[in-house]
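Geometric and topological summary
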Amino acid sequence: MVANKYDAIVIGGGPGGYTAAIRLGQLKKKVVCIERERLGGVCLNWGCMPSKALLHVGEVITAAHDLKEMGVEFGEPRIDLASLNKWKSKMIDDLVNGVGTLFKANKVEYMVGEAELINKITVRVKKADGRFETLVGDAVVIATGSEPVALPGFKRDSKTILNSDDAVSLADLPKSILILGAGVIGLEFATIYRRLGAEVTVVEMLDRALADTDLEISTLLLRILKKQGINVHLKTKAAGVEVVGSRARVKLEGEINEAREYDKVLVAVGRRPRTGDLRPESLGIAMDGLFIKVNEKRESDVPGVYAIGDCAGAPLLAHKAMKEGIVAAEVIAGLPAAYDPIAVPNCVYTDPQVATVGLSEEQAKSAGYEVSVGKFRLSALGRARTVGISDGMVKIVADKKTDLVLGVHIVSPTAESMVAEGVVALEMGATVEDIGLSIHPHPTFSESIMEAAEALHGKSIHMANVTAPIPTPAKT
Amino acid sequence: MPVELEMPELAESVIEGEIVKWLVKEGEHVKLDQPLVEVMTDKVTVEIPSPIEGILLKQVAPEGAVVPIGKPIAIFGKEGESLASPAPAETAPASATPPPEVVVGGEVKPKIEAQAPLDKVAPARVGNGQTGAPAKGPSETAAIGPFGRPLATPAVRKFARELGVDLNQVRGSGEGGRIQREDVQRVASSGGAAAGQAAQPRPQPVGAGAAASAGAAASGETERVPLRGLRRVIADHMIHSKHTAAHTLHVDEADVTELVAMRNRAKQIAAERGVKLTFLPFFVKAACAALIKHPYMNASLDDDKHEIVLKKDYNIGIAVNTEGGLVVPVIHNADRKSIFDLARAIADLAEKARAGKLAHDDIAGGTFTITNVGSVGGLFTFPVINWPEVGILGTHSIQQRPVVRNDQIVIRDMTYLSISFDHRVVDGAIAAQFVKDVAELLAAPDVFLMESGSW
């Protein structure tokens, strides 16, 4: 049998995989992308995109409700779940088709099936009809992504006990939901379900939410979420569950010490790389736990085999995967690319959003920096007041010695976009003074970044400064 | 707790050093003052003694790396201690939420600066006027950005990758030590830091584009020799000189018949005093006399201040060929030395140069250079100026040639003298007159002796 020969074979059609494939196509490489489910991966189909759509719906409902205070009143919202899901599916289909169109435009071959690594250049694909096809590539890019971590004792039935894939498909609207885990995914679903009217309880085993986020930021977020009626219990664990009819009876230990009943339980205790099916270690590829170990070029220790995205190391974020996809593609094409970001931003789509980049205050301190911090609260920001918001803040962490920005942490509407300024600041090696001296448009939420920068030097205009005062110029 | 050892300040105005050879392996115990590493600066190799006693945990700078003064070269620890994390130069890609142990680059470790051997440290060179070269102290070395990485924008980092330059080896000239595009270009064109990680020989697909370079174009059998050590320094100096000075050549000839006779007479006396008398001391002496007459030939151009620095010392560099390449030891105050003293100094420096034992002092402070290509033969050469000096005198083989004297063809001992000079500082007339004066002094050594102030 003559195998099909490619310059590169990409296994996985998620954001990392499809980006790598498209860039390879742009670089005139013969490339095939193999996907076992749907193009776009978790991000488009079960993660980022559908959850953001649901969040948007919830946000408008909340905004409409809040307009009452401003003298505008609507009736109670009626949610037609079937229509909502139909719209969501259509939106996702459009996005997925969009990727397919881009594949065609860039001459990327697309193949649906289950990939198996035979050796470092050979991939066997089991197609939907049960037939096998063998492909040979000069390079193989593994982009198999990640999957939700299951919690022992909480067996997923997709009806009462859910994981994030189930939660986003929103088969029915629960009156009450228990979310296990106060990480990014847990808190985003808490926000979605709360906005859609459910009673939401979040339990977290650790003594804090959003584990690696700046403590002051995560503490502020929890306070805001509690105000919205999301019950968060830290240092609390779910010891066991019993499904009674369609409801779950969960034994809680910690801040709550009793069994409580919920319509649904969402297990959101994290994600783990999906490398098991491919068994890369059987080819002698070095692993780092479940992650494939890669170098700066995203090449594994087996030359010609690359890994990108969630299966190639933390953080498990789509934008990191996309960047890695571009790097791997360019390296394969012989270009001197490398994955060398100073920092990767992270967004949490709660209400308000949390977005961070760089080191938290605690991380900066433990890394040995003499840390200086500038903060600005949204209560002092005109733009926030125009939409009735006063909770939130921007916090800048810097190296006191050099004034270099080490981290930017935001709790605010549009934080998802604002954080990009922090990314550029870190990548360019900006100082806090650089940010403070740059004119930010008024009235916007972004002004709070400038104000936080100025506050770090005791020069904020719209806030009483607590840090060092402005030195007065010496008289001549 | 591990301590970092930084590249010591090796000599005045030396901004970086190349790790030539590690004398201690990782994991080995090092005694105080035990020779630790050989470092090359400005063509001089010095042995750095260990300033601390302990275990060499990591050679942060590999052999061949060019490290700015003040940047870490090694990490030391106590017995049983190890590095829990990669060295600063290899910090893992930072994530939005890096676990603290990944951020080792930012970790502040107590730092120790190695002591350069005292006898090898050049004294401040008063009146040398080499202000054209930026004098950088430890505080001006490449700044470290967030996460302990070199401070450079993404575009500059990409540019460095394209040129195969390791940013850890680049000194940033921008605000706060930021590495600019030009800094990367400078290191790349000096062949410097790239040596450590010279182009990875990965198969280049056809039409890969950007990767094509001088090296990549070569086909057929080639051998790749890393540009390191003295060769790298020479390459660096030569290209800098050629890019900076306005090189111009002037050639004259000298009738040295009488000098040859004089030298032949003196040879025996010299030998009795243990001196091998060559012609070179006479050329040095004559050059000094001509330099005194033409002060702009014994000068340098301070580009920053737009000033010409006229030097009052006559320190003559002598180009010496060694196995590793050309070095230029300097005879200080050559104008005040006798012919015999000069002969001794030249022999002594040449010997040290060939043995690789030149100290920084031996090559520092030159004001003018002589390169003697006579031993090989040929007509004359167009030498590269030993920047920031203004001129270099090429001396050549002495041959008997028929020349016309008083309408007669006679056989005389003749030689060519070439002067390569920086036309920015002196014009052709001065340079030509300078060589003519040297030629005349050599032609009439008795007159020269009588005019000499140091008789």
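Residues numbered from 1 in each chain as written. Chains lettered and ligands numbered in written order. Predicted model: local features only at pLDDT ≥ 70, side-chain atom pairs only at ≥ 80, totals over all residues. Heavy atoms only, no water.

1. Points about the overall build of chain A
Per the secondary structure count, chain A includes 13 helices and 23 strands. When the 476 residues of chain A are sorted by exposure, 53% land in the buried category. Pairs at least 24 residues apart make up 63% of the contacts formed inside chain A by residues separated by at least 6 positions. As displayed, chain A has an accessible area near 21,200 Å², and 55% of this comes from carbon and sulfur atoms. (Helix = DSSP H or I, 4+ residues; strand = E, 2+ residues; numbered from the N terminus. Buried < 20%, exposed > 50% of the residue type's maximum accessible area, 1.4 Å probe, protein only. Contact = heavy atoms within 4.5 Å. Areas by Shrake-Rupley, 256 points an atom, 1.4 Å probe, with all protein chains shown as cover.)

2. Focus: the pairing of strand β6 (residues 54–59) of chain B
All names here are of chain B. Most of β6 is tucked away: six of the six residues are buried. Across two bridges, the pairing between strand β3 (residues 29–30) and β6 is antiparallel. Bridged to His29 within β6 is Ile55. Sheet topology places β6 next to strand β8 (residues 72–77); four bridges connect them, and they run antiparallel. Residue Ile55 lies in a different strand from β8, and its bridge partner there is Gly77. (Pairing = 2+ DSSP bridges.)

3. Examining the environment of His442 of chain A
Residues and elements named next belong to chain A. In this fold, His442 is placed in the loop between α12 (432–437) and α13 (447–456). For His442, a relative accessible area of 62% puts it in the exposed group. Placed 60 residues apart in sequence, His442 and Gly382 show a C-alpha to C-alpha distance of 9.0 Å. Among the polar contacts listed, one links the side chain of His442 to the side chain of Glu447, at a separation of 2.6 Å. (Polar contact = N/O pair within 3.5 Å; in protein donor to acceptor, adjacent residues only side chain to side chain.)

4. Topic: the confidence of the model for chain B
When pLDDT drops low, the exact placement of atoms in the prediction is not to be read closely. All names here are of chain B. Taken as a whole, chain B shows an average pLDDT of 78; of its residues, 76% reach a score of 70 or greater. With pLDDT under 50 throughout, residues 85–141 is counted as low confidence; its partners more than four residues away or in other chains account for 136 contacts. Here residues 193–213 is modelled with pLDDT under 50, and outside its nearest four sequence neighbours on either side it reaches 26 contacts, counting other chains as well. Here the complex is predicted with pTM 0.59, and the ipTM for its interfaces comes to 0.75. (pLDDT = per-residue confidence, 0-100.)

5. Brief notes about the sheet that holds strand β8 (residues 176–180) of chain A
Residues and elements named next belong to chain A. Within the open sheet, the five strands sit side by side as β7-β14-β8-β9-β10. Their pairing is parallel. Edge positions in the sheet fall to β7 (161–162) and β10 (230–233), since each of these pairs with one other strand and no more. Inspection of the sheet shows β8 paired to strand β9 (residues 199–203) by five bridges, in the parallel sense. Bridged to Leu178 within β9 is Thr201. Set on the sheet, helix α6 (residues 184–195) makes contact with β8, β9, β10 and β14 (264–267); between it and β9 the angle comes to about 170°. (Axes fitted to C-alpha atoms, helices over the stretch in contact; angles between N-to-C directions.)

6. Description of the nonpolar core
By size, the foremost hydrophobic cluster in this structure holds 83 residues, and its most contacted members are Ile73, Val284 and Phe368 of chain B. The element best represented in this core is helix α6 (residues 280–293) of chain B, accounting for nine residues. Among residues more than four places away in sequence, those in contact with Val284 of chain B are Ile316, Ile318, Ala334, Leu342, Ile346 and Ile370 of chain B. Within the second largest apolar cluster, 39 residues are counted, among which are Ile61, Val168, Leu196 and Leu222 of chain A. (Core = buried A, V, L, I, M, F, W, Y, C linked by side-chain atoms within 4.5 Å.)

7. Remarks on the side chain of Thr19 of chain A
Residues and elements named next belong to chain A. You can see Thr19 is positioned in helix α1 (residues 15–26). Within the structure, Thr19 has its side chain in polar contact with the backbone oxygen of Pro15 (distance 2.5 Å). Excluding its chain neighbours within four sequence positions, the residues that come into contact with Thr19 are Gly14, Met322 and Ile326.

8. Side note on the packing of aromatic side chains
Residues and elements named next belong to chain A. Going through the model one piece at a time under the given rule, you end up with four aromatic pairs over all chains. Judged by centre distance (6.0 Å) and plane angle (65°), the rings of Phe103 and Tyr110 are edge-to-face. Residues Phe189 and Tyr193 carry aromatic rings whose centres are separated by 6.4 Å and whose planes lie at 40° to one another, so their mutual orientation is tilted. In this pair, Phe189 and Tyr193 are both assigned in helix α6, four residues apart and thus about one turn of the helix distant. Of the two residues, Phe189 and Tyr193, both sit in the buried class. (Phe/Tyr/Trp six-rings, centres within 6.5 Å; stacked < 30°, edge-to-face > 60°.)

9. Focus on unusual backbone geometry
Residues and elements named next belong to chain A. Of note, the amide linkage connecting Ala314 to Pro315 takes the cis form, showing an omega dihedral of -5°. Its place among the elements puts Pro315 in the loop between β18 (305–307) and α8 (318–332). Cis geometry marks the peptide bond from Asp351 to Pro352, where omega comes out at 0°. Checked against the element boundaries, Pro352 lands in the loop between β19 (346–348) and β20 (353–358).

10. Some points on the sheet that holds strand β13 (residues 259–262) of chain A
All names here are of chain A. With respect to topology, three strands assemble into an open sheet ordered β11-β12-β13, the strand pairing being antiparallel. On the outer flanks of this sheet lie β11 (237–244) and β13, each paired with one strand and no other. The mean angle between the axes of side-by-side strands here comes to 25°, regardless of whether they run parallel or antiparallel. Across seven bridges, β11 lies against strand β12 (residues 247–253) in antiparallel orientation. Along β12, the bridge assignment pairs Glu242 with Arg249.

11. As for the pattern of salt bridges
Evaluated as defined, the whole model comprises 41 salt bridges over all chains. A salt bridge links Lys320 of chain A to Glu324 of chain A, with the shortest nitrogen-to-oxygen separation between them at 3.1 Å. In this pair, Lys320 of chain A and Glu324 of chain A are both assigned in helix α8, four residues apart and thus about one turn of the helix distant. Residue class for Lys320 of chain A comes out buried when judged on its relative accessible area of 2%. A relative accessible area of 0% places Glu324 of chain A in the buried class. Notably, a salt bridge pairs Glu162 of chain B with Lys158 of chain B, separated by 3.2 Å at the nearest N-O pair. Here the residue Glu162 of chain B and the residue Lys158 of chain B both occupy positions in helix α1 (residues 154–163), the gap between them amounting to four residues, near one helical turn. Of the residues examined, Glu162 of chain B reaches a relative accessible area of 39% and is grouped as partly exposed. When salt bridges with common partners are traced through the structure, they connect Asp214, Glu216, Glu361, Lys365, Lys375 and Lys395 of chain A into a single cluster. (Salt bridge = Lys/Arg side-chain N within 4 Å of Asp/Glu carboxyl O.)

12. Considering a nonpolar patch on the surface
Residues and elements named next belong to chain B. The grouping of Leu249, Leu379, Phe380 and Phe382 at the surface amounts to a nonpolar patch, some 360 Å² of accessible area in total. Among the structural elements, Phe380 can be located in the loop between β17 (368–372) and β18 (391–395). According to the relative accessible area criterion, Phe380 is partly exposed, its value standing at 40%. (Patch = residues over 30% accessible without salt bridge, like charges linked within 9 Å, V, L, I, M, F, W, Y side chains within 5 Å.)

13. Points about the packing of α1 of chain A against helix α4 (residues 81–105) of chain A
All names here are of chain A. Here α1 crosses α4 at 25°, and the two axes come no closer than 9 Å. Looking at the two axes, α1 sits roughly parallel to α4. As α1 packs across α4, the resulting crossing turns out to be left-handed. Seen from α1, the contacting residues are Tyr18, Ala21 and Ile22; seen from α4, they are Val99, Leu102 and Phe103. Its residues assigned to classes, the contact of α1 with α4 shows six nonpolar, no polar and no charged. (Parallel < 35°, antiparallel > 145°, perpendicular 65-115°, else oblique. Left-handed = near helix turned anticlockwise from the far one by under 90°. Nonpolar A, V, L, I, M, F, W, Y, C, P; charged D, E, K, R; others polar.)

14. Description of the side chain of Ser50 of chain B
Here Ser50 of chain B is to be found in the loop between β5 (44–49) and β6. In this structure, Ser50 of chain B is in contact with Val30, Lys31, Leu32, Asp33, Gln34, Leu36 and Phe76 of chain B, ignoring residues within four places of it in sequence.

15. Brief notes about helix α4 (residues 229–244) of chain B
With 16 residues, α4 of chain B extends 23 Å from end C-alpha to end C-alpha; this agrees with the ideal 22 Å at 1.5 Å per step. As for α4 of chain B, its buried residues are in contact with β2 (16–22), β4 (35–41), β7 (66–68), β10 (247–255), β14 (320–322) and β15 (325–327) of chain B. (Expected span 1.5 Å × (residues − 1).)

16. Here's the deal with the packing of α6 of chain B against helix α7 (residues 339–354) of chain B
Packed helices, taken two at a time, are described by the angle between their axes plus the distance between the axes. Residues and elements named next belong to chain B. Axis separation between α6 and α7 bottoms out at 9 Å; the angle between their running directions is 115°. The way α6 lies across α7 gives a crossing that is right-handed. Mapping the contact onto sequence places Leu280, Pro281, Phe282, Val284 and Lys285 in α6 and Ile339, Leu342, Ala343 and Ile346 in α7. Grouping the amino acids of the contact of α6 with α7 by side-chain chemistry returns eight nonpolar, no polar and one charged.

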